[in-house]
Structures are given as structure tokens and as C-alpha cells.
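Now for the letters of each chain:
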Amino acid sequence: MVDQNPKRSNEPPVWLMFSAGGMVSGLAFPVLILILGILLPFGIISPDNIIAFSHHWFGKLVILALTIFPMWAGLHRLHHGMHDIKVHVPNGGLIFYGLAAVYSFIVLFAVIAI
Amino acid sequence: MTTESKRNKYVREVTPTWWKSWSFYKFYMLRESSAIPTVWFCLVLLYGVFCLTTANGFVEKFIPFLQNPVVVILNLISLALLLLHAFTLFQMTGEVMSGSLGLKSEVIQKALKVLFAIVTVVALVLVCI
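- An unreviewed UniProt entry lists chain B under the name Fumarate reductase subunit C, with Mannheimia succiniciproducens given as the organism.

- The name given to chain A in UniProt is Fumarate reductase subunit D, and the organism recorded there is Mannheimia succiniciproducens.
- According to the UniProt record, the Subunit comment for chain A is "Part of an enzyme complex containing four subunits: a flavoprotein (FrdA), an iron-sulfur protein (FrdB), and two hydrophobic anchor proteins (FrdC and FrdD)."
- UniProt's Sequence similarities comment on chain A is quoted here verbatim: "Belongs to the FrdD family."

Observations concerning a nonpolar patch on the surface
Link 1 in the chain: Together, Phe53, Trp57, Phe58 and Leu61 of chain A together with Val114, Leu115, Ile118, Val122 and Leu126 of chain B give the surface a local cluster of nonpolar side chains, amounting to about 870 Å² of exposed area.
Link 2 in the chain: Broken down by secondary-structure element, the contributors of at least two residues to the nonpolar patch are α3 (57–84) of chain A together with α5 (105–128) of chain B.
Link 3 in the chain: The greatest single-element share of the nonpolar patch, amounting to 5 residues, is contributed by α5 of chain B.
Link 4 in the chain: Tracing the backbone through its elements, the reader meets Leu115 of chain B in helix α5.
Link 5 in the chain: Residue classification places Leu115 of chain B among the partly exposed residues on the basis of a relative accessible area of 38%.

Observations regarding unusual backbone geometry
Link 1 in the chain: For Lys86 of chain A, which is not glycine, the phi torsion reads 60° and is therefore positive.
Link 2 in the chain: Mapped onto the fold, Lys86 of chain A is located in the loop between α3 and α4 (92–113).
Link 3 in the chain: On the basis of relative accessible area, Lys86 of chain A is assigned to the partly exposed category, the value being 38%.
Link 4 in the chain: In this model, Asn56 of chain B sits at a positive phi of 65°, which is unusual for a non-glycine residue.
Link 5 in the chain: Looking at the secondary structure, you find Asn56 of chain B in the loop between α2 (35–52) and α3 (57–67).

Remarks on α5 of chain B
Link 1 in the chain: For α5 of chain B, with 24 residues, the first-to-last C-alpha span of 35 Å sits near the 34 Å given by 1.5 Å per residue.
Link 2 in the chain: Check the buried side of α5 of chain B and you find it contacts α1 (11–39) and α2 (48–54) of chain A together with α4 (69–101) of chain B.

With respect to the confidence of the model for chain B
Residues and elements named next belong to chain B.
Link 1 in the chain: When the pLDDT values of chain B are averaged, the result is 92; 98% of them are 70 or greater.
Link 2 in the chain: Per-residue pLDDT, averaged within each element of chain B, yields its smallest value for helix α1 (residues 23–32) (90) and its largest for α2 (97).
Link 3 in the chain: Our summary of model confidence lists the complex with pTM equal to 0.88 and ipTM equal to 0.89.

Describing the confidence of the model for chain A
Link 1 in the chain: Per-residue pLDDT for chain A has a mean of 91; in total, 99% of the residues score no lower than 70.
Link 2 in the chain: Confidence, read as mean pLDDT per element, is least for α1 of chain A in chain A (92) and greatest for α2 of chain A (95).

A short note on the UniProt feature "transmembrane region" (unreviewed entry) in chain B
Residue and element names in this part refer to chain B.
Link 1 in the chain: When the UniProt feature table is mapped to this numbering, "transmembrane region" (unreviewed entry) covers residues 38–59, 71–91 and 111–128.
Link 2 in the chain: Secondary structure content for residues 71–91 is 100% helix and 0% strand, while the C-alpha to C-alpha distance between its ends is 30 Å.
Link 3 in the chain: Here residues 111–128 runs as 100% helix and 0% strand, with 26 Å between its end C-alpha atoms.

Brief notes about the pattern of salt bridges
Link 1 in the chain: Across all of its chains, the model carries 2 salt bridges over all chains by this definition.
Link 2 in the chain: Here Glu32 of chain B makes a salt bridge to Arg77 of chain A, at a shortest N to O gap of 3.7 Å. With Glu32 of chain B in helix α1 and Arg77 of chain A in helix α3, this pair bridges two chains. Note on accessibility: Glu32 of chain B and Arg77 of chain A belong to one class, buried.

Considerations on the interface of chain B and chain A
Link 1 in the chain: Each side of the interface is counted separately: chain B has 52 residues, and chain A has 46 residues.
Link 2 in the chain: Taking both partners together, chain B and chain A bury about 4200 Å²; carbon and sulfur atoms supply 80% of that area.
Link 3 in the chain: In terms of surface lost to chain A, no three residues of chain B exceed Phe41, Leu52 and Val127 of chain B, which account for 14% of the buried area on that side.
Link 4 in the chain: Our enumeration of links across chain B and chain A arrives at 1 salt bridge.
Link 5 in the chain: Taken together, the links from chain B to chain A amount to 10 residue pairs in polar contact (both at pLDDT 80 or more).
Link 6 in the chain: Listed by contribution, the elements that provide at least two residues to the side of chain B that touches chain A are α1, α2, α3, α4 and α5 of chain B.
Link 7 in the chain: Class assignment for the residues of the side of chain B that touches chain A results in 40 nonpolar, 10 polar and 2 charged.

What counts and how
- Residues numbered from 1 in each chain as written.
- Chains lettered and ligands numbered in written order.
- Predicted model: local features only at pLDDT ≥ 70, side-chain atom pairs only at ≥ 80, totals over all residues.
- Heavy atoms only, no water.
- UniProt positions renumbered as here; feature names shortened; annotations may be inferred.
- Patch = residues over 30% accessible without salt bridge, like charges linked within 9 Å, V, L, I, M, F, W, Y side chains within 5 Å.
- Areas by Shrake-Rupley, 256 points an atom, 1.4 Å probe, with all protein chains shown as cover.
- Salt bridge = Lys/Arg side-chain N within 4 Å of Asp/Glu carboxyl O.
- Helix = DSSP H or I, 4+ residues; strand = E, 2+ residues; numbered from the N terminus.
- Buried < 20%, exposed > 50% of the residue type's maximum accessible area, 1.4 Å probe, protein only.
- Expected span 1.5 Å × (residues − 1).
- Contact = heavy atoms within 4.5 Å.
- pLDDT = per-residue confidence, 0-100.
- Buried area = accessible area lost by both parts, 1.4 Å probe.
- Polar contact = N/O pair within 3.5 Å; in protein donor to acceptor, adjacent residues only side chain to side chain.
- Nonpolar A, V, L, I, M, F, W, Y, C, P; charged D, E, K, R; others polar.

Following this line, the structure appears as C-alpha cells:
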């Protein structure tokens, strides 16, 4: 007898966010950290272009992709990394993916408010 | 009727420091630790977005925050670990995807490195010009 209502795994959507986030952070975070972590605070570049970019609709889409996907990847990896060091957080999945979801909503509303 | 084994099942003990025994595992843990700076930098970006929502907030709040020595040091550590994450990711993705894409893993790895260079150059050109 085939179970018509199997328990669905959260893995496909979570893995989608995790792998997208891994690639986005892999391709863009090194240069973003270079820009925001070194060039901007030491006055090597001006903030004007970044501010102008953030007010353009395309810039807002880029900011959403750059902030949201990597957070899902980071929290997914922390969730699994905790098991690697034998720290079993109760309801870990709910907590880590819940935090990622809350963060995503905050980012979304903040980007709309720019 | 089922027969029950009288022997105790052997379960190998795993300690929280299991990964310290072999350099391969140490490198795995070092790579996995890059998840922490990923989360850190996402929070930095969120703060930047918050500062962008108010007039002059980016210049008056976000840049002074980025100039804090602790933030500079955390970002330097993040840069090093995210570079390690990026290049090991390109390596792994090449190996994993070569089966499904039917391409040699070296081709995918090289393409990802070229894409990384393009993203880096485009981002630097966008902020500088």
C-alpha cells in the first residue's frame, strides 16, 4: 500500500536556499567584504555610488539576493555544524531556519523602505 | 522467532573533538567555520540596509560602524575565510556537477573562477567609477 500522504521533507526548499546562498556568498562576498570592510572605512572609495545603487530597483534586487541567500546558507551550515561538534540544539531546524526566515522578512521590508 | 544477539553492539565513541585527529578533518572544520563569518557579514549588510533607509544614515552611521577596529578585524578574518570558502566551493562544485552536466570538472572549476573574477572586477568598477 502506497502512503498517499507521506511526511514531506523540508530538504528540497532548504537545500535550494543553501546552495544558492553558497554560490552567491562564494562569488560575491570576498569582493563585498573588500569594499565594505576595507575600501570604504579607510576612505579609499566614496560611498556615493553605493548609495545611488541602493536607490535603483535593480540595485535593490541585487541587495536582496546578496543578503538573503547567504544567510540561509550560513545558518544551514551552522545547524549541521553544531552536530559536528556534538551540540544538539533542540528543535534546531525550526530555530535556525526560523531565524533565517525572520531575517529575510526584516531585510525585505528594510530594502523596500530605502 | 527472532534470535537476539547476546553481544553488546559496538558503538564507536565520538567526542566533540573527533576532528582534531587528522589534518583532513581539521581542514573540513576550518572550512565549515566560514559559516560564522557568513552570518556575521549578512548582519553587517542588514545594518547597512537599515542605515540606507534614513537620509545620510549610510555616511553618519554605517561608515563609522565599519571604522570600528573590532569590526575591521572581524571583516578581515571574514575575508580570509570567505576566500577559502569560495575556492573550495568552486573545487567541490566542479567535482559534483561534472556528472550531471557531462563536462569535465576542471572546465566547471575554471568557469566558476572566471565568473568570480568577473563579479569582483564588475563590483570594483561599479563602486569606483
